[in-house]
Amino acid sequence: MAVLLVLILVGWPDGQAFSQQTDTTTATQQQETGPRGVTLEQNYPNPFRRDTRIPFVLGADMFEDGRPVVVTVRIYNVLHKQIAFPTALDHPTGTGRPARELRYERPGRYLLYWDGTDDSGRRVNSGIYFCQITAGRSQDVIRIVVSN
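These lines cover the structure that appears in this document, whether it is placed above or below. Just so it is clear, the model here is predicted, and its values are computed rather than measured.

1. Observations regarding the side chain of Thr52
And step 1. Tracing the chain through its elements places Thr52 in strand 2 (residues 52-58).
And step 2. Assessed through its relative accessible area of 0%, Thr52 is described here as buried.
And step 3. A distance of 3.0 Å separates the side chain of Thr52 from the backbone oxygen of Tyr44, its partner in a polar contact.
And step 4. If sequence neighbours within four positions are ignored, Thr52 has contacts with Asn43, Tyr44, Pro45, Leu112, Tyr113 and Trp114.

Given below as structure tokens:
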């Protein structure tokens, strides 16, 4: 019983303290203020054979200075070699633009497309790839699975 009390007061062995209130407060604050920074949502379908969609969200806090946010999205392999830039499906200046230094004027949810090919147009091998988004000083990464 004393060990359980110590674990509750000090923290669990994985280094995380037992604190439901902190997690709830953070979730509540995020709901009130909206998403912060940039967030990559999981691509769909995942795994995929032919092509995939990759949603991302630009939070309102990124536009507080009134300037557009520059967004770059890269696909790279497990060796951290860049292999492709997905294309923007709903960029304000047009669909099908490579997601390389694209300017966005307002917060919101946007969508990218990747056809499973590298920069040379060759289909990539089955395996694990990563998608990294950089927007201003914020970035996020997700794992993508290709199964040919």
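Continuing now.
2. Brief notes about the pattern of salt bridges
And step 1. One pass over the structure, following the stated rule, counts 5 salt bridges.
And step 2. A salt bridge links Asp61 to Arg36; the shortest N-O distance between them is 3.8 Å. Of this pair, Asp61 sits in the loop between strand 2 and strand 3 (69-77) while Arg36 sits in the loop between helix 2 (20-33) and strand 1 (38-40); the two residues are 25 residues apart in sequence, bridging distant segments of the chain.
And step 3. For Asp61, a relative accessible area of 22% corresponds to the partly exposed category.
And step 4. For Arg36, a relative accessible area of 53% translates into the label exposed.

How each quantity is defined
Residues numbered from 1 in each chain as written. Predicted model: local features only at pLDDT ≥ 70, side-chain atom pairs only at ≥ 80, totals over all residues. Heavy atoms only, no water. Helix = DSSP H or I, 4+ residues; strand = E, 2+ residues; numbered from the N terminus. Buried < 20%, exposed > 50% of the residue type's maximum accessible area, 1.4 Å probe, protein only. Polar contact = N/O pair within 3.5 Å; in protein donor to acceptor, adjacent residues only side chain to side chain. Contact = heavy atoms within 4.5 Å. Salt bridge = Lys/Arg side-chain N within 4 Å of Asp/Glu carboxyl O.

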